[in-house]
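Remarks on the overall topology
Here is what each chain is made of, one letter per residue.
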Amino acid sequence: MSQYDGQSDGSAAAPATPRPRRFVGRLTRLTLKELREILRDRRTIITLVLMPLLVYPLLGVVFQKFVLTLPGRNAKYVIGYGDRRAHFMLASFFSQAEQQLHELRKEGEWPLPPQDQSQMELLTDFIKHGDPPLEQLVGEGAFDVGVRTRPLLDSASGGPPGQPRFEIELVYQRESPSSMAVLQHMQARILAWQNYREQLRMLRQYLPYLPAVGGSGLIGLAREESLREPLQLRFVNVPNQSRDVYGISLATVIPLILILMTITGAVYPAIDLTAGERERGTLEALVAAPLPRMALLFGKYVAVVAVALLTAVVNLVAMTITIKTVGLGQALFGQSGLSLQSILLVLALLVMFAVFFSAVLLAVTSFARSFKEAQAYLIPLMLLSLTPGVMSLLPGTRLEGTLAVVPLINMVLLARDVFAGEAQWGYGMVAVVSTALYAAATLAIAARIFGTDAILYGSSGTWGELLRRPRKETASPTVPMAMLSLALIFPLYFAAQGTVAGGGLNSVTRLALSAILTALLFGGMPLLVAVLRRVRLRSAFGWRRSPLLAYLGATILGLTLWPVAHEVYLLGKKLGLTSFDLAYLQQFNDHVRELALAPSWLFLAAMAFSPGIFEELCFRGFTFEALRTRLSGWGTIVVSALLFGVFHVISSTLATERLLPSTLMGLILGWVAWRAGSVKPGILLHVCHNGFLMCFALYQLGRFGRIAIVERVLRSLGLRSHTVLEEVEHLPTPLLLIGIIGPLIGFLIVYLATARRGENQSAPQEEPMTG
Amino acid sequence: MIVVHELTKRFGESDEIVAVDRISFQVRPSEVYGLLGANGAGKTTTLRMIVGLLTPTSGYAEVDGVRSDQQADDVKRRIGLVSTSAGLYQWLSPREMLEFFADLYGMSAEQTAVNLARIADVLDLHSFLDRRCSTLSTGQKQRVNLARALMHDPPIMLLDEPTRGLDVVGSQVVFDYIAHLRQQGKAVIVSTHQLDEAARLCDRFGLLHRGRMVEEGTFDELCARTGCNNLVEIMMRYVRGDEALRESVTA
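Residues numbered from 1 in each chain as written. Chains lettered and ligands numbered in written order. Predicted model: local features only at pLDDT ≥ 70, side-chain atom pairs only at ≥ 80, totals over all residues. Heavy atoms only, no water.

Here the focus is the overall build of chain B. A tally of regular secondary structure across chain B gives 9 helices and 10 strands. Considering chain B as a whole, with its 251 residues, one finds that 57% of them fall into the buried category. Counted over contacts in chain B with a minimum sequence separation of 6, partners at least 24 positions apart contribute 65%. When the accessible surface of chain B is summed, it comes to about 9,800 Å², and 48% of that surface belongs to carbon and sulfur atoms. (Helix = DSSP H or I, 4+ residues; strand = E, 2+ residues; numbered from the N terminus. Buried < 20%, exposed > 50% of the residue type's maximum accessible area, 1.4 Å probe, protein only. Contact = heavy atoms within 4.5 Å. Areas by Shrake-Rupley, 256 points an atom, 1.4 Å probe, with all protein chains shown as cover.)

Structure below.
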């Protein structure tokens, strides 16, 4: 044992003042330590590597031997013909093609899909008078495959000899295993027949050089058989319209398996880094270090996400190899099989999913005081996760409406659509954004739980304390509070707006509901969070006194910014940020006209005042105040503007054109809020901006009659009262000048009005409060 | 310098459980303060409030003029905590773990290397510095824990029952360690059940009973005030007092 004498370094009297280190660097090292610890544990390796190596080959065999062969065993299938010609053209060569296929099989030259190894009993049916269209019959499952002919353009003139005069349409349903089985059965025979026809055609070229009579086999056939027309095929996939659960889409099973495996990969690290840490007795030492709990948790979170992603990658690779080896690509994912693009897109979705679910796991396991307790919590969670996952397997379930914001279901459905090559990016974006917000909110909850008294010292702390309002009032909301608030607002607004829009309500009710909804969600949610977490309301929403001149500047900006916003909107369209066409625009304008039938005050309240006030309280108030506690001035402005922009894309029926103008408005509103140190001038700016445009819309609709002076002003600006702004390519020069000069004046006034307080921007919380 | 003023902690839905009740004391640099008391007396809760791991219901703890309920991170930076239940990261080596904690406290790589070498000498860690923590003996693990608390060279050390579960040799390591801390000029609070050793090591004592500071002073002061000959007798007096009270209530 060493002796301590003479070891003094004389440093004890002074406080340890460690050299400041970069926070990000420490976070990285924290994450690396967590990863090192996790990856050294052989239990991680088992879930990471061994599970996929065992599961996918096993699943491959199951899929091949059972699922895909099930429809072929003693099953009857119906081919529905749309016309007699189709039946004649196809049925007449099927017997011949069958024989050719038989020959080719014997020679082992013809690869067969697995389901073709069984005998299929094919029934023939025809569309009768009064029946619905062929697509509907296939979609509803009355026919497994529908066949019809369509004359080609040159069929009237007869076309060149040997060229097809008709196109055969094969209507099928990719989601239905039986439809896919019949389609592949038919394809195999059509291909065999075309192969046979090609051989005959080649032999015919040599007939003049062969003996005049006799011959056997193909040569004989080539002499006797007249060449049929080649078949020109067209494949038409129809969506499932059946209410019956007659089959589960295998393309949906794959993403579900991938997602479940990704969860499995994240479970162990999540438990080990939270409950495990507490059980080992290392958690106390960790939270006794001078690092925010959120930072500690974030390091663990990144480590869990990393392990989940590693699991996802290993699973994806194992699945791809299995599918390629077993040859299930086309059977599972249609004609194009499993493409590299699909794999990469699904990997991106798995990243999103890992980001979300790792946060959920950490939130749940942070509650646990031991490994066992965490496992007990996770079993119900896994079962809960399975339920929406299995729901998404049901035929007819689509990624649209409210489902786009339902966690887990949205990711499974999006992954299924990506695999099927049918993903709709609009709803996909909703799914991705909502998932990211849920992840942020869940992480915020986890940070509240992780390392608290109740968890750390289970016996002395209580759960009540965890949920109890803080004893002391705080001045500013935190970033987790803002994320939680946005994560609640986003899906609720999306779902409620869809319900209001599609509820068959009249314009008055819709406008009233829209105004109330905006107020309740954008005002009410942050208010609820602020009250529950005991944040001083005035400072939580940035409700401070501001110089009077700042209001003047904000008003000028509100009235004159729209030409700039319009030009930015056009720029977005030029950059390809276009999600709707002129028909949609027409529909949108009709919608506005319909709403404008309501009383003008209600129209303005719903379209100008409610969004102007409550969106500002949410984005430049609560969110802004939370962000400024962690970010620099510009960081706060940019992040809040991006959130504002993305929200407007989502809330306006996924109109990507709104991304740039809304983000620009967010930047300007953020700058005004920062300069003024208050949300109030921004509210005025927002209300003026929306109000001016809505008043113009009402004027165009003749709600105020035709006012001579307004008409004159419009004419002098190069506009007419019936001009639809969205359809204008570029605004007339006088308007553009107003759009440049007006905002410049507005900016200058706001800048000068706030010049004195601008010197003290670093301490906005010290602003004097009104009242 | 540690100042504890009217520190109180209540638990329960309506704060019905009083864990620590308005205790006050001070610990100066180069002083070892023994926080004594039976199980449940409130020793550990007090230490946790001083570090900022628990928020006091009322009162405060101040370290070098910084209150733990207001600037917890600043306080944590000044304190080294050796907890009774502290564990190690099983899959890391002591070196990796000590470097990790040094990093958490914002130390540079150079500082870390210097401190690690010094502490490894002091606590004789060299022979197992690169072995997995899961393979260490109980005594070795405790030595790593003592090293962890000292890695950032804090002026204040809080040791919560540092000898629990250790044999004679292991305990001696801890006692030598405490003596070393005093020599380094650190203000040390030790919570322990080994009262004889505490009497030998500590400069002053605070005796906690049912969350209250019932006695405080040097060994001689306590003996003079209570008429007892040692710390065990003093503590037993309060425990027996409780029993007598209970019996009278039952009667």
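After that view of the structure, there is still more to cover.
The subject of this paragraph is the overall build of chain A. Within chain A, the secondary structure is distributed over 29 helices and 5 strands. Residue burial in chain A is summarised as follows: out of 771 residues, 52% are buried. Put simply, 78% of the contacts in chain A that link residues at least 6 apart link residues at least 24 apart. Surface accessibility of chain A: about 34,700 Å² in total, with carbon and sulfur atoms responsible for 64%.

This next bit is on the sheet that holds strand β2 (residues 121–126) of chain A. Within a beta sheet, neighbouring strands are joined by backbone hydrogen bonds and run either parallel or antiparallel to one another. All names here are of chain A. Ordered in space as β2-β1-β3-β4-β5, the 5 strands form an open sheet in which the pairing is mixed. Each edge of the open sheet carries a strand with a single partner, namely β2 and β5 (232–237). Sheet twist, expressed as the mean angle between neighbouring strand axes with direction ignored, is 25 degrees. Relative to β5, strand β4 (residues 166–172) is paired through 6 bridges, and the arrangement is parallel. Counted as the bridge partner of V171 is V236 from β5. (Pairing = 2+ DSSP bridges. Axes fitted to C-alpha atoms, helices over the stretch in contact; angles between N-to-C directions.)

Moving on to helix α21 (residues 562–574) of chain A. Under the 1.5 Å per step criterion, the end-to-end length of α21(A) is 18 Å for 13 residues, consistent within 8% with the ideal 18 Å. Where α21(A) is concerned, the buried positions are W562(A), P563(A), A565(A), H566(A), E567(A), V568(A), Y569(A), L570(A) and G572(A). (Expected span 1.5 Å × (residues − 1).)

Next up on the list: the confidence of the model for chain A. Reading fine detail from the predicted coordinates is not recommended where pLDDT is low. Taken as a whole, chain A shows an average pLDDT of 76; of its residues, 74% reach a score of 70 or greater. Scored below 50 in pLDDT, residues 243–247 of chain A shows 7 contacts in the model against residues more than four places distant or in partner chains. (pLDDT = per-residue confidence, 0-100.)

Right, let's get into the nonpolar core. Across soluble globular proteins, nonpolar side chains have a tendency to be buried as a group. Grouped together as the largest cluster of nonpolar side chains are 198 residues, with contacts concentrated most on I50(B), L104(B), L158(B) and I189(B). With 15 residues, helix α7 (residues 250–280) of chain A is the largest single contributor of residues to this core. Each of domain 1 (23–67 + 249–468) and domain 3 (478–488 + 502–760) of chain A accounts for three or more of the residues forming this core. One finds Y77(A), I79(A), A86(A) and L90(A) within the second-largest nonpolar core, a separate group that totals 19 residues. (Core = buried A, V, L, I, M, F, W, Y, C linked by side-chain atoms within 4.5 Å. Domains from an automatic or database assignment.)

Looking now at the packing of aromatic side chains. All names here are of chain A. In this structure the tally under the stated criterion is 20 aromatic pairs over all chains. Between Y493 and F647, the aromatic rings sit 5.4 Å apart at their centres with planes inclined by 55 degrees, giving tilted as the arrangement. In this pair, Y493 is assigned in helix α17 (residues 479–501) and F647 in helix α24 (residues 633–651), connecting sequence segments 154 residues apart. Each member of the pair Y493 and F647 is classed as buried. Each ring, one from F522 and one from F647, has its centre 4.9 Å from the other, and the planes form 75 degrees; the classification is edge-to-face. (Phe/Tyr/Trp six-rings, centres within 6.5 Å; stacked < 30°, edge-to-face > 60°.)

All names here are of chain B. As for its placement among the helices and strands, R143 is situated in helix α5 (residues 138–150). Buried charge without a partner: R143 forms no salt bridge, and the closest opposite charge is D124, 4.1 Å away. In contact with R143, other than residues within four places in its own chain, are L123, D124, L125, F128 and V173. (Lys, Arg positive; Asp, Glu negative; His and termini not counted. Salt bridge = Lys/Arg side-chain N within 4 Å of Asp/Glu carboxyl O.)

As for its placement among the helices and strands, E161(B) is situated in the loop between β7 (156–160) and α6 (168–183). Sequence spacing of E161(B) and Q194(B) is 33 residues, and the spatial spacing of their C-alpha atoms is 8.7 Å.

Attention shifts here to the pairing of strand β4 (residues 58–63) of chain B. Residues and elements named next belong to chain B. When strand β1 (residues 2–11) meets β4, the two strands line up antiparallel, connected through 5 bridges. Among the inter-strand pairings, V3 is bridged to a residue of β4, identified as E62. Relative to strand β5 (residues 66–67), β4 runs antiparallel, the two sharing 2 bridges. In the strand pairing of β5, E62 is matched with R67. In textbook terms, the turn of a hairpin is the stretch between consecutive antiparallel strands, and for β4 and β5 this stretch comprises 2 residues, one of which, D64, has a positive phi near 50 degrees.

Following the criterion strictly, the structure yields 30 salt bridges over all chains and no others. For R182(B), the salt bridge is made with D203(B), and the minimal N-O distance between the two is 3.1 Å. Of the two residues, R182(B) is situated in helix α6 and D203(B) in the loop between α7 (195–201) and β9 (204–209); the sequence distance between them amounts to 21 residues. Looking at D203(B), the relative accessible area reads 30%, which means it is partly exposed. Taken together, the shared-partner salt bridges connect K33(A), E34(A), E37(A), D272(A), E277(A), R280(A) and K300(A) into one network.

All names here are of chain B. Across the sheet, which stays open at both edges, the 4 strands sit in the order β2-β1-β4-β5 with antiparallel pairing between neighbours. Since the sheet does not close on itself, it has two edges, and those belong to β2 (17–27) and β5, each with one partner. Here helix α1 (residues 43–51) sits on the sheet in contact with β1, β2 and β4, set at roughly 115 degrees to β1.

Glancing now at helix α3 (residues 94–104) of chain B. With respect to burial, α3(B) is a largely interior element, 9 of its 11 residues being buried. G106(B) occupies a position one or two residues after α3(B) and carries a positive phi of about 80 degrees.

With that settled, the discussion passes to unusual backbone geometry. Only a minority of non-glycine residues have a phi that is not negative, and only a minority of peptide bonds are not trans. All names here are of chain B. Positive phi outside glycine occurs at E6, with the angle close to 50 degrees. Within the element layout of this structure, E6 appears in strand β1. One non-glycine residue with positive phi stands out, namely D124, at about 55 degrees. Mapped onto the elements, D124 comes out in the loop between α4 (109–123) and α5.

Residues and elements named next belong to chain A. At a closest axis distance of 7 Å, the pairing of α21 and helix α28 (residues 733–753) adopts a crossing angle of 115 degrees. In this structure, α21 uses W562, P563, V564 and E567 to contact α28, whose residues at the interface are L735, L736, G739 and P743. Considered class by class, the residues forming the contact of α21 with α28 number 6 nonpolar, 1 polar and 1 charged. (Nonpolar A, V, L, I, M, F, W, Y, C, P; charged D, E, K, R; others polar.)

The next subject is the side chain of T226(B). All names here are of chain B. The topology assignment puts T226 in helix α8 (residues 219–226). A relative accessible area of 11% places T226 in the buried class. The residues touching T226, leaving out its near neighbours within four places in the chain, are E215, I234 and R237.

Attention now moves to a nonpolar patch on the surface. Residue and element names in this part refer to chain A. On the surface, a nonpolar cluster with roughly 610 Å² of combined accessible area is contributed by L39, I45, I46, V49, L50, M51, L53 and L310. A per-element tally of the nonpolar patch places helix α2 (residues 42–67) first, with 6 residues. Tracing the chain through its elements places V49 in helix α2. Owing to a relative accessible area of 31%, V49 belongs among the partly exposed residues under this scheme. (Patch = residues over 30% accessible without salt bridge, like charges linked within 9 Å, V, L, I, M, F, W, Y side chains within 5 Å.)

Residue and element names in this part refer to chain A. Residue position: I259 is located in helix α7. Measuring from C-alpha to C-alpha, the distance between I259 and A308 comes to 9.9 Å, with 49 residues separating the pair along the chain. If sequence neighbours within four positions are ignored, I259 has contacts with L350, F353, L408, M411 and V412.

This part takes up the pairing of strand β6 (residues 79–82) of chain B. Residues and elements named next belong to chain B. Taking every second residue as pointing to the same face, both faces of β6 are buried, with I79 and L81 on one and G80 and V82 on the other. Inspection of the sheet shows β6 paired to β7 by 4 bridges, in the parallel sense. Residue pairing in the sheet places L81 in a bridge with L158 of β7.

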